[in-house]
Amino acid sequence: MSWTFMGSYGAVSARERALRTLYDEQAGALYAYVVRLLRGDRYRAEDVVQETLLRCWRTQDLTPDQQLRPWLFRVARNLVVDEYRLRMTRPQEVSSNDWLDDLLTRPDDVDRLLSSLLLKEAFQHLSPKHRDVLYETYYAGRSMRETGQRLGIPPGTVKSRVHHAVRALRLAMGVVESDDETVGKKPAWWYSSAA
């Protein structure tokens, strides 16, 4: 870390020499403290340390026997807290393209309408048996056993029909299955040893 100090290195006055001594003795520890407060943000930490030392120079007696470390650390902490509070009261800043990305990825009523129309059209391509099991399990929220009792078929048959109905619905909607979605095959993340 390279510290630069305001003013010339040929400081003549006793006050400037005292400030230079204060800087040499306290700046490193103060900087480390502020970096921890700011969770590693070194650029902001440099600004806080500089402002703290300026306030010390303006308001404190810089005699050699005065203990300024507690005062410096308290002022630095207060500057960090004040900056945080100020940021929390202002509206969040966004980059020039964030709002557009957010707008384009957020589903709206038109997207929902188009999706429902597409789904309704694809649903018409299913057989009545497949439509019935999808209606009972997805729309009505019934379990495989409840659907089987309601339709008069075994739960295993319900499960098989749901599986084939979903595949047929995907095909009708033009959704392409990945290799992990083929019949009977589980995706790689399913197995704990795959990670």
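Calculation rules
Residues numbered from 1 in each chain as written. Predicted model: local features only at pLDDT ≥ 70, side-chain atom pairs only at ≥ 80, totals over all residues. Heavy atoms only, no water. Helix = DSSP H or I, 4+ residues; strand = E, 2+ residues; numbered from the N terminus. Contact = heavy atoms within 4.5 Å. Buried < 20%, exposed > 50% of the residue type's maximum accessible area, 1.4 Å probe, protein only. Axes fitted to C-alpha atoms, helices over the stretch in contact; angles between N-to-C directions. Left-handed = near helix turned anticlockwise from the far one by under 90°. Expected span 1.5 Å × (residues − 1). Polar contact = N/O pair within 3.5 Å; in protein donor to acceptor, adjacent residues only side chain to side chain. Core = buried A, V, L, I, M, F, W, Y, C linked by side-chain atoms within 4.5 Å. Salt bridge = Lys/Arg side-chain N within 4 Å of Asp/Glu carboxyl O. Phe/Tyr/Trp six-rings, centres within 6.5 Å; stacked < 30°, edge-to-face > 60°. Parallel < 35°, antiparallel > 145°, perpendicular 65-115°, else oblique. Nonpolar A, V, L, I, M, F, W, Y, C, P; charged D, E, K, R; others polar.

Undergrad: Can you walk me through the overall build of the protein in this structure?
TA: A tally of regular secondary structure across the protein gives eight helices and zero strands. Considering only intrachain contacts with a sequence separation of at least 6, the fraction spanning at least 24 residues in the protein is 49%.

Undergrad: Quick question: what am I supposed to make of unusual backbone geometry here?
TA: Most peptide bonds take the trans form, and the phi angle of most residues other than glycine is negative. Even without being a glycine, Arg39 presents a positive backbone phi close to 55°. Of the residues examined, Arg39 reaches a relative accessible area of 79% and is grouped as exposed.

Undergrad: What am I meant to see in the packing of helix H1 (residues 14–37) against helix H2 (residues 42–59) here?
TA: The packing of two helices is summarised by the inter-axis angle and the distance between the axes. In contact at an axis separation of 10 Å, H1 and H2 are set at 145° when each is read in the N-to-C sense. Handedness of the H1/H2 crossing: right-handed. Across the interface between the two elements, Arg15, Leu19, Leu22, Tyr23, Ala27, Leu30, Tyr31, Val34 and Val35 from H1 touch Arg42, Ala45, Glu46, Val48, Val49, Thr52, Leu53, Cys56, Trp57 and Arg58 from H2.

Undergrad: Help me out: how do you make sense of H2 in this one?
TA: Side chains that are three or four residues apart share a direction in an α-helix, a result of its 3.6 residues per turn. With 18 residues, H2 should reach 26 Å at 1.5 Å per residue; the first-to-last C-alpha distance of 26 Å fits that figure. Buried within H2 are the following residues: Ala45, Val48, Val49, Thr52, Leu53, Leu54 and Cys56. Buried-residue contacts for H2 involve H1 and helix H3 (69–89). Measuring from the side-chain oxygen of the N-cap residue of H2 to the backbone nitrogen of Tyr43 gives 3.4 Å; that N-cap residue is Asp41.

Undergrad: Help me understand the nonpolar core, please; the structure alone is not making it clear to me.
TA: The nonpolar side chains of a soluble globular protein tend to be buried with one another. Leu22, Leu30, Val34, Val48, Leu53 and Leu72 are the most contacted members of the largest nonpolar core, which has 23 residues in total. Put simply, the parts of the chain that give this core at least two residues each are H1, H2 and H3. Residue contributions to this core peak at nine residues, all from H1. In this structure, Leu134, Ile153, Ala165 and Leu169 belong to the second largest nonpolar core, which totals nine residues.

Undergrad: What's the story with the pattern of salt bridges in this structure? I'm lost.
TA: Two side chains that carry opposite charge are able to pair once their charged atoms sit near each other. The final tally for this structure, using the stated rule, is five salt bridges. The closest approach of N and O atoms between Arg55 and Glu51, which form a salt bridge, is 2.9 Å. Taken together, the residues Arg55 and Glu51, both in helix H2 and four residues apart, mark about one turn of the helix. Looking at Glu51, the relative accessible area reads 26%, which means it is partly exposed. Three or more residues joined by partner-sharing salt bridges are found here, namely Asp41, Arg44 and Glu83.

Undergrad: How should I be thinking about the packing of aromatic side chains in this particular structure?
TA: Aromatic ring pairs are defined here through the distance separating the ring centres and the angle between the ring planes. Per the counting criterion, the structure on display carries two aromatic pairs. Ring centres of Tyr33 and Phe73 lie 4.7 Å apart, and the angle between their planes is 35°; this geometry places the pair in the tilted category. Note that Tyr33 is positioned in helix H1 and Phe73 in helix H3, a separation of 40 residues in sequence. Judged by its relative accessible area of 19%, Tyr33 is buried.

Undergrad: Even after reading the chapter, I still don't get the side chain of Thr137, so can you show me in this structure?
TA: Structurally, Thr137 can be placed in helix H6 (residues 128–139). Reaching out from Thr137, the side chain makes a polar contact with the backbone oxygen of Val133 at a distance of 2.7 Å.

Undergrad: What is the right way to look at the packing of H2 against H3 in this model?
TA: It is at 9 Å that the axes of H2 and H3 come closest, and there the two elements cross at 125°. Classified by the angle their axes make, H2 and H3 are oblique. Crossing handedness for the pair H2 and H3: right-handed. In contact with Arg44, Val48, Glu51, Thr52, Leu53, Arg55, Cys56 and Thr59 of H2, H3 contributes Trp71, Leu72, Val75, Ala76, Leu79, Val80, Glu83 and Arg87. Of the residues belonging to the contact of H2 with H3, the class tally is nine nonpolar, two polar and five charged.

Undergrad: What's the story with the environment of Leu119 in this structure? I'm lost.
TA: Considering the arrangement of structural elements, one finds Leu119 in helix H5 (residues 109–124). Look at Leu119 and you get partly exposed, because its relative accessible area is 37%. On a C-alpha basis, the gap between Leu119 and Leu169 in space is 8.1 Å, while along the polypeptide they are 50 residues apart. In this view, Leu119 contacts Leu169 and Met173; residues no more than four positions away in its chain are not counted.

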